[in-house]
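# Inside the fold
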Amino acid sequence: MPNSSELRFARSHEWITPGSAIATVGISEHAQAELGDVVYLELPDVGRVVKAEEAVAVVESVKAASDIYSPVDGEIVEVNTAATNETSLVNTAPYEGGWLFKIKVSNPAQIEAMMTEAAYLEFVG
Amino acid sequence: MNDSAPLQYSPLNDVHLQVGAKMVPFAGFSMPVQYAGIAEEHLAVRASVGVFDISHMGQFFVSGPNAQTWLNGLLTNNLAKLTPGQGQYTLLLNERGGVIDDLIAYQLAPNEYFLVVNASMILEDFVWMSARLTDGVTLENRSAPFAGMAVQGPEAAALYEKLCGAQLALPARNGIGTFSTPAGEVIICRTGYTGEDGFEFFCPAATAGSWWHQIVALGAKPAGLGARDTLRLEMGYPLNGNDLSPDRTPLEAGLGFFVDLTKPFVGSEALLAQKANGLPSKLCGVKLIDKGPPLRSHYPVLSGDSVVGELCSGGVAPSLQGSIGMAYLPPNLATVGTQLSAEVRGKHYLIEVVKKPFYKKPPTAL
């Protein structure tokens, strides 16, 4: 798994790996801290074709259910079943074992347009 | 309440911010929802002791020669059962028997009462009660000058002894006591909203931070509204606004024990009629049977394909490893073991009616 400084970030707090045809998506350290203890994950069906900013997954913490948006257009090719079984991974390792899904990227330019980690950290203040 | 009104701040606001609590708007106040994490705080209260800021809650004082008679005409429980130093859970109803608020009424002295009401209802309760005042009764809303802390957990009584046991013996369950400090009166109520032993501590707002730090130094873990909600839900305690409403009676809510229908009070005629005609619904505990998303308020509840109600509360139960909720169900479905489903984002998940409280304290080893 990548170093967080190599990731791109969405304003809705998802991260994505740049530079490859299949990208991995998860939620940021900031997002997991805001949500608190994650207790349930609802991940998209493999093969689903999605658009950028489409709600594709739900992360449920003790507090609330939160929609997760695909950062890019593409097709879901894999979901993290280890994390659905062990949801605390999203809290303890949001950039590693707590990733959510992999997506075959239709338009890599959408990733390049997203925030760097430095810009994201500025954004969340 | 006016949602556009500016938020009010607890006297402990700075203390919460210093330790990095997550603050949320609740009942018009900015309040801590969590510090270390909801589940961790919840389990600390079950295992040892936690402290909650309850400064948002309201404090009314009722006094005068007609105080008891007047309150007994407004509240469901019977104050004649109390002696000075005792309290009781009770409800304030509208004419239709629907719940305006649930509260605890304590007798401080003959014809002198202390009421602790819900934060969201301070103004509404006060207006409702003021409009019905009679001669020989004084009603005061002294919510603002008081800060409040709920110290809850099996180690709460021991903590109390070190904190202020020298000033006042810890009152008996549901009891109340007071002691004076240079800054003003401190009120101790042996009650809570978690199912654990504990006490609620009301003190002058200016001294709140100092008391909070002492309580934490004596071992209480700061706990937020998130844990307060999961703890009360595990006990099946209703939350006004979720599980209690102006359109449901305390009988439907399963609170008949706190309703004395041998005396008249606002709403009593409606309750007598409802009792005679049969209850239209009953508040039931439900448990998620399928592996699935946590139950949450407002999810539809179905029997077969037909919607029979909705969850009024729901959430994870950290002491039970599952998800639980409550719903008003028609009497034919309101029996333990009835299988229903909850609809979550278009999918149906199996739930079952279970007994309340959901959580029972394991017997303590001696």
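See the structure above.
Residues numbered from 1 in each chain as written. Chains lettered and ligands numbered in written order. Predicted model: local features only at pLDDT ≥ 70, side-chain atom pairs only at ≥ 80, totals over all residues.

## Regarding unusual backbone geometry
Along the chain, Lys356 of chain B connects to Pro357 of chain B via a cis peptide bond; the corresponding omega equals -5 degrees. Tracing the backbone shows Pro357 of chain B in the segment after strand S20 (347-354). Look at His13 of chain A: it is not a glycine, yet its phi comes out positive at around 80 degrees. Its place among the elements puts His13 of chain A in the loop between strand S1 (8-9) and strand S2 (14-16). We note that Asn111 of chain B has phi near 60 degrees; this positive angle belongs to a residue other than glycine. (Helix = DSSP H or I, 4+ residues; strand = E, 2+ residues; numbered from the N terminus.)

## Overview of the interface of chain B and chain A
Counting from both sides, the interface comprises 13 residues of chain B and, opposite them, ten residues of chain A. At the level of secondary structure, the elements contributing two or more residues to the side of chain B that touches chain A comprise strand S3 (29-34), helix H2 (38-47), helix H7 (225-234) and strand S17 (306-317) of chain B. Looking at the side of chain B that touches chain A residue by residue, the class counts come to six nonpolar, five polar and two charged. (Contact = placed C-beta atoms within 7 Å. Nonpolar A, V, L, I, M, F, W, Y, C, P; charged D, E, K, R; others polar.)

## What about the sheet that holds strand S13 (residues 198-204) of chain B?
Residue and element names in this part refer to chain B. Strand order in this open sheet of six strands is S11-S12-S13-S10-S4-S14, and the pairing throughout is mixed. What marks the edges here is a single partner per strand, and that holds for strand S11 (176-181) and strand S14 (221-222). Where strand S4 (residues 50-53) meets S14, two bridges bridge the pair, whose relative direction is parallel. The residue bridging Gly50 from the neighbouring strand is Lys221, located in S14. (Pairing = 2+ DSSP bridges.)

## Structural notes on the sheet that holds S3 of chain B
All names here are of chain B. In spatial order, the strands read S1-S3-S2; together these three strands make up an open sheet with mixed pairing. This sheet does not close on itself; its edge strands, each paired only once, are strand S1 (8-9) and strand S2 (22-26). Alignment of S2 against S3, held across five bridges, turns out to be antiparallel. Paired with Lys22 across the strands is Gln34, a residue of S3. This element, H7, spans S2 and S3 of the sheet and lies at about 70 degrees to S3. (Axes fitted to C-alpha atoms, helices over the stretch in contact; angles between N-to-C directions.)

## As for the environment of Arg11 of chain A
Residue and element names in this part refer to chain A. Structurally, the position occupied by Arg11 is in the loop between S1 and S2. On the neighbour-count criterion, Arg11 (13 C-beta atoms within 10 Å) is partly exposed. Once the C-alpha coordinates of Arg11 and Gln32 are considered, the two residues, 21 residues apart in sequence, prove to be 14 Å apart. (Buried ≥ 20, exposed ≤ 12 C-beta atoms within 10 Å, placed from the backbone.)

## As for the pairing of strand S7 (residues 99-109) of chain B
Residue and element names in this part refer to chain B. Counting buried positions along S7 gives nine out of eleven residues, so the element sits mostly inside the fold. Alignment of S7 against strand S8 (residues 112-117), held across five bridges, turns out to be antiparallel. Bridge pairing in S8 places Ala109 opposite Glu112. The hairpin turn running from S7 into S8, its antiparallel successor, is two residues long, and Asn111 in that turn takes a positive phi close to 60 degrees.

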